[in-house]
Amino acid sequence: MATAKKATAAAAAPAKKRTPNAAFMKPLTPSAALAAVVGSEPLPRTEIISKLWVYIKANNLQDAANKRMINADAKLKEVFGKPQVSMFEMAGLIGKHVK
């Protein structure tokens, strides 16, 4: 009976709305190399990553054998500094190209 009361109390409590982190939403200015891919206007970090994925998918730059790897074309090689990067290290490499 005690567990039924706890379950009812937990269900009655309203769900807390998650607030976004202000650091992720702050507009950042991309470098010239990154601006060639995502545009030159200031964007939040989340939007920069989203636009990069649109570019990667539009130009078929994901490795066919391992979808976690991204093959850089001429524009992305300037940003990444190497011919192939994993999707996990991409966000870290982008940090060097935004202010």
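As annotated in an unreviewed UniProt entry, the protein carries the name DNA topoisomerase III and comes from Comamonas kerstersii.

Asks: How should I be thinking about the overall build of the protein in this particular structure?
Replies: Scanning the protein from N- to C-terminus turns up 6 helices and 2 strands. When the helices and strands of the protein are read in sequence order from the N terminus, they spell out α-α-α-α-β-α-β-α. Taken over 99 residues, the protein has a buried fraction of 30%. Counted over contacts in the protein with a minimum sequence separation of 6, partners at least 24 positions apart contribute 28%.

Asks: Would you mind showing me how to read helix α4 (residues 45-58) here?
Replies: Since one α-helical turn is 3.6 residues long, residues separated by three or four positions face the same way. Taking 1.5 Å per residue as the helical rise, α4 with its 14 residues ought to reach 20 Å, and the 20 Å between its terminal C-alpha atoms agrees with that figure. Listed in full, the buried residues belonging to α4 are Ile48, Leu52, Trp53, Tyr55 and Ile56. The buried residues of α4 occupy an angular sector of 160 degrees when the element is viewed end-on, so they sit on one face. Of the residues in α4, the exposed ones pointing more than 90 degrees away from the buried face are Val54, Lys57 and Ala58. Buried-residue contacts for α4 involve α3 (32-38), β1 (69-71), α5 (74-80) and α6 (87-94).

Asks: Mind showing me how you'd approach the packing of α4 against α6 here?
Replies: One way to put it is that α4 packs onto α6 with a least axis distance of 11 Å and a crossing angle of 125 degrees. Considered as vectors, α4 and α6 are oriented oblique to each other. Handedness of the crossing formed by α4 with α6: right-handed. Residues Ile48, Ile49, Leu52, Trp53 and Ile56 of α4 form the contact with α6, whose own contacting residues are Met87, Met90, Ala91 and Ile94. Split into classes, the residues belonging to the contact of α4 with α6 amount to 9 nonpolar, no polar and no charged.

Asks: Honestly, the pattern of salt bridges in this entry has me stumped. Any pointers?
Replies: Note on pairing: side chains with opposite charge can pair once their charged atoms come close. Under the defined criterion, the tally for this structure stands at 2 salt bridges. For the salt bridge of Glu41 with Lys51, the shortest nitrogen-to-oxygen distance reads 3.7 Å. With Glu41 in the loop between α3 and α4 and Lys51 in helix α4, the pair connects residues that are 10 residues apart, well separated along the chain. According to the relative accessible area criterion, Glu41 is partly exposed, its value standing at 39%. The residue Lys82 makes a salt bridge to Glu89 at a minimum N-O spacing of 3.0 Å.

About the thresholds
For every chain, the first residue of the written sequence is number 1, and numbering continues from 1 along that sequence. Owing to the predicted nature of the model, reporting of local features is limited to residues with pLDDT of at least 70; listing and counting of side-chain atom pairs is limited to 80 or more, with chain, interface and lining totals taken over all residues. Side-chain metrics rest on all non-hydrogen atoms present in the structure, leaving aside hydrogens and water. Elements are defined by DSSP. Helices are runs of H or I of four residues or more, strands are runs of E of two residues or more, and each kind is numbered from the N terminus. Here the term buried applies to any residue with accessible area under 20% of the maximum for its type, exposed to any over 50%, and partly exposed to those in between, with areas from a 1.4 Å probe on protein chains only. The contact definition used throughout considers only heavy atoms, calling two residues in contact when any of these lie within 4.5 Å. One less than the number of residues in a helix, times 1.5 Å, gives the span that helix is expected to have. This arc is taken over the directions from the axis of the helix to the C-beta atoms. Geometry is summarised by axes, namely lines fitted to C-alpha atoms with helices restricted to the contacting stretch, and by angles between N-to-C directions that run from 0 to 180 degrees. Here the angle decides the label: under 35 degrees means roughly parallel, over 145 means roughly antiparallel, 65 to 115 means roughly perpendicular, and every other value means oblique. By convention, the crossing between two helices is left-handed when the near helix turns anticlockwise from the far helix through less than a right angle, and right-handed when the turn is clockwise. Just so you know the grouping, Ala, Val, Leu, Ile, Met, Phe, Trp, Tyr, Cys and Pro go in nonpolar, Asp, Glu, Lys and Arg go in charged, and all remaining residues, Gly too, go in polar. Here, a salt bridge means any side-chain nitrogen of Lys or Arg that lies within 4 Å of a carboxyl oxygen of Asp or Glu.

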